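An overview of the molecular structure
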Amino acid sequence: MSDSNQTAVTKAKQNFASGIKPIWCPGCGDFGVHAGIVKALQEIGVEKEKVAIVSGIGCSSSMPHPFSTYGVHSLHGRLLPVASGMKLANDDLTVIGTGGDGDGYGIGVGHLIHTARRNIDITYIVMNNEIYGLTTGQTSPTSLMGAKTKSTPFGSIENPENPVGIAISAGATYVARAFSGDPMHMATLIKNGILHKGFSIIDVFSPCVTFNNLNTYDWFRSRVYKLDQAGHDPSDKAKAMEKSFEAEANNWEKIPIGLFYKEEKPTYSSMDMTLQKGALINQPMPTKQQLGEIMEEYK
Amino acid sequence: MNSVSIRIAGANGDGVESSGSLMIRVAAKNGLHVFGYRGYQSIIRGGHVWYQVRIADERLNSHGEGIDILIALNQDAIKNQKSHLNDKAVVIFDPSKVKPEGIDASKYRLVGVPLLDIAIEVSGDPIMRNVVAIGSALKFVGIDLNAFNEVIKATFGRKGDKVVQSNIKAAEKGYNYNGVETVYKIKSDGKERYTMDGNTALSIGAYAAGCKFYSAYPMTPASSILHWFAAHENKGVMPKQTEDEIAAINMAIGASAAGVRSMCGTSGGGFSLMVEALGLAGILETPLVVVESQRTGPSTGLPTKTEQADLLFVMHASQGEFPRIVVAPRSTEESFDIAAEAFNLADRYQCPVIILMDLYLSEHVRSMERLNVEGVTIDRGKVVTEQKEEGRFKRYLITDDGVSPRAFPGTKGLEFIAPSDEHNEYGDLVSDAFAGLDESVEVRIQMNAKRMRKIDTMLERESVFVPHVDIEGEQYLVTFGSTTQPAIEAVELLKAKGHNFGLISFNYLMPLDAEKTAKILQGKKLINVEGNSTGQLAKVIRMATGINIERSILKSDGEAFTGELIANEAMRLIK
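How each quantity is defined
Residues numbered from 1 in each chain as written. Chains lettered and ligands numbered in written order. Predicted model: local features only at pLDDT ≥ 70, side-chain atom pairs only at ≥ 80, totals over all residues. Heavy atoms only, no water. Helix = DSSP H or I, 4+ residues; strand = E, 2+ residues; numbered from the N terminus. Rg over C-alpha atoms; globule rule 2.2 N^0.38 Å. Buried < 20%, exposed > 50% of the residue type's maximum accessible area, 1.4 Å probe, protein only. Contact = heavy atoms within 4.5 Å. Areas by Shrake-Rupley, 256 points an atom, 1.4 Å probe, with all protein chains shown as cover. Lys, Arg positive; Asp, Glu negative; His and termini not counted. Charge placed at Lys NZ, Arg CZ, Asp CG, Glu CD. Phe/Tyr/Trp six-rings, centres within 6.5 Å; stacked < 30°, edge-to-face > 60°. Pairing = 2+ DSSP bridges. Axes fitted to C-alpha atoms, helices over the stretch in contact; angles between N-to-C directions. Salt bridge = Lys/Arg side-chain N within 4 Å of Asp/Glu carboxyl O.

**Looking at the overall build of chain B**
- Helix and strand counts for chain B stand at 18 helices and 21 strands.
- Relative to the 2.2 N^0.38 estimate, which gives 25 Å for 575 residues, the radius of gyration of chain B is 26 Å and therefore close to what a compact globule would have.
- Within chain B, the fraction of its 575 residues that count as buried is 62%.
- Long-range contacts, defined as pairs at least 24 residues apart, comprise 73% of the intrachain contacts of chain B with a sequence gap of at least 6.
- Put simply, chain B shows about 21,000 Å² of open surface, and 48% of that area lies on carbon and sulfur atoms.
- Across chain B, the centroid of the 63 positively charged side chains sits 5 Å from that of the 72 negatively charged ones.

Right, here's the structure in full:
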């Protein structure tokens, strides 16, 4: 991934900035996530043309635009299949998915499960603000029970989703949770997620300062604690699952963040018959001999 | 033309399909023309299935209406197939299992062969009874067993000599059984031919064009394309079975955006799920080939039966307006040609190309000359590999022909974000915070016009967007896609009866060169022949040209057209 010939000077010059300003409200948690991704990419030292940032639809899905990398701003909930397609086509790319909780845990949650179990080597960063922001404040799959929103004015009566637990049980090999209000910690988790070989997901609490007046910076700050400081062993899958239920079980009084689970497992590309021979885009065109052989199958 | 139709009928699990395939290969190897089509159901065991193998001394264009030789593997086969028997048809059956009830022995030739006993005798395996029956059928059509033996060796050689020999022995016993004799003699030209179905031809076309990524969710009748790519994974392609059709098309878009020629495929139900992403490919201007093999709808409909009722759907699917190409191959061979060319068109115009197949075309097997796999040319369109101008790369550069330069991720200096929102030349959004600002309105007008201009460019540069006058006549059958083949046979039958019909057929249906199409159709007496109940092709023609076709032959019962059926309907219309 990092080029050994590249000097530290040129690395420092890469700011990954396109000059496009994000559309987020002042104070939005997504600014921190943007900074975290930039920091992670700079520390890894990957060239910008080798990076593809793929998003869905929602406030957080405008993430690719401030970047001077490649990227696709795709459909609502569909960033994982698009990102998977790009990675399968060109294994040399560093592919990062960015989206929100409605996008990834609502309309697109099916893809999360299947992308995780395929262990495709992409990094998925979900800016989880527990509300639909761009559509001006409806309940989301991670909204807490009782949350009052425009679509649940009398309080939500649906249980919130457990994305960390879903990702672990689906087979994701790097599952972390971060808080946008702790940018250094988050940037490290993102960086390690990108460096991890396999499907990595970082669920980031990224407060919506406009439509969610329950799950605010202060609300999170007073509740989160770091798993690595609490002696959690991220190689213990059963323990990781248990930890994923902890916050809801204690009525959101204490919320663990950090690396829940990490496992080294063969990636999809490393097992695929065709990709073992190199990136798909570099595979040669069929030869006349191959074409002739195929025709003979039908004689 | 001399032709004879053999139909083997029984239950799912009886080996009806493999028997049909075997007879097709034997006939093609023996220098005959052959056309096979099967009737089956969406169950794995039981039910009633049949495979019709029509053999002729000239190129065939339909599986034919009636049966000349029926191999009845069970009582249901007698019950369900007796009404399809041609005059003097041969009925081969095992008297220990099947009674030829309701079949008049003075009008038809009833041939009892102890299929099961012979099978047990030569191999101990009851499934070998089909091979005994095939042996008898081959004798009736005058094909000697040399070609059969060759095909058996090629097919079962890997399984060892014992399997090969018991097949050969079983066929010999059926061939030489008392009372079995040659009554239909079809002349062979001694030229060995290839056999395949439309999905195979399409897959080979895509492969030859350098398609390396095929994503799909299993759905009849498109699944065999996925199976083809899976079976050829060792030849440098990636088949990807996805969790649903939404993932299938979005993955193909991702792979294509990364620079790999990509295709996804499904039937109407799955295409319904792909509709949103079709528009994504439209606005991203990402080349994409989508196969939609139609089956009888609406909804689950008749999953194992054919129809041509999705034409208007695929032409108009997805919100907003964007250029797309819709093309319906008219034959198995054309499925190959069009699949190969679809990737060039998709790359040249950076838009989705929908190949509209149907169950009949996807699944019927025909004999054919060798496909020109080495002759496929590749044009990737406006792909750029280096930045020539200062500043950021304009991926969506406003151009006269509507086509902008395209770069693949990994190319230094040409980085851009491809967005599903409306955008400027760089790919920066003019939606959200910028929507409605004077400058954004202007960008929207320019960008939309740029995309839509690609349609004019296509019509100007490509010659394909017009119908074909295949056969001249005083009046014309008008078809699109797979119905063209049986219509060719219908025209031949009609001409033989003194009715001077011709044929006009469409393959490329969108965009349509309205002016040229009108010129071709103007002043002609037309009858549209379509596998749907509302005359969708006639509507397309009327939309494009204002020409109203007043007579039509429409069929939406799930069964495929045959030449005889179309000819009979045409004669009824001109009475």
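**Digging into the packing of aromatic side chains**
All names here are of chain B.
- Taken as a whole and assessed by the stated rule, the structure comprises 17 aromatic pairs over all chains.
- Ring geometry for Y396 and F416: centres 6.5 Å apart, planes at 85°, overall edge-to-face. You can see Y396 sitting in the loop between β14 (365-368) and β15 (417-419) and its partner F416 sitting in the loop between β14 and β15, a full 20 residues away along the chain.
- A relative accessible area of 0% means that Y396 is categorised as buried.

**Brief notes about the sheet that holds strand β8 (residues 213-216) of chain B**
Residues and elements named next belong to chain B.
- If you trace the seven strands from one edge of the open sheet to the other, you get β9-β8-β10-β11-β13-β12-β19, paired in mixed fashion. Either end of the sheet is taken by a strand with one partner, and the two such strands are β9 (238-241) and β19 (508-510). The sheet shows a mean angle of 20° between the axes of neighbouring strands, direction not considered.

**Looking at the sheet that holds strand β2 (residues 33-39) of chain B**
Residues and elements named next belong to chain B.
- Taking strand neighbours across the sheet as the criterion, the eight strands line up as β6-β5-β4-β1-β3-β2-β14-β7 in an open arrangement whose pairing is mixed. The open sheet has two edge strands, β6 (109-112) and β7 (194-197), and neither has a second partner. Here the strands of the sheet are splayed against their neighbours by 20° on average, with no regard to which way each runs.
- Across two bridges, β2 lies against β14 in antiparallel orientation. Within β14, the residue paired with F35 across the bridge is R366.

**Concerning unusual backbone geometry**
- Following T220 of chain B, the chain continues to P221 of chain B via a peptide bond in cis, the omega torsion being 5°.
- Tracing the backbone shows P221 of chain B in the loop between β8 and α8 (223-231).
- Omega for the peptide link from M510 of chain B to P511 of chain B comes to -5°, which places this bond in the cis form.
- Tracing the chain through its elements places P511 of chain B in the loop between β19 and α16 (514-521).
- The phi torsion at T136 of chain A lies on the positive side, around 70°, for a residue other than glycine.
- The phi torsion at S299 of chain B lies on the positive side, around 55°, for a residue other than glycine.

**Some remarks on the pattern of salt bridges**
Residues and elements named next belong to chain B.
- Enumeration over the complete set of coordinates arrives at 47 salt bridges over all chains.
- Where E150 meets K29, a salt bridge forms, and the shortest distance between an N and an O atom there is 3.9 Å. You can see E150 sitting in helix α5 (residues 145-156) and its partner K29 sitting in helix α1 (residues 16-29), a full 121 residues away along the chain.
- For E150, a relative accessible area of 44% corresponds to the partly exposed category.
- Here K29 falls in the partly exposed class, since its relative accessible area comes to 23%.
- Measuring nitrogen to oxygen at the nearest pair gives 3.5 Å for the salt bridge that ties D347 to R406. Taken together, the residues span a long stretch of sequence, with D347 in helix α12 (residues 332-349) and R406 in the loop between β14 and β15 at a distance of 59 residues.

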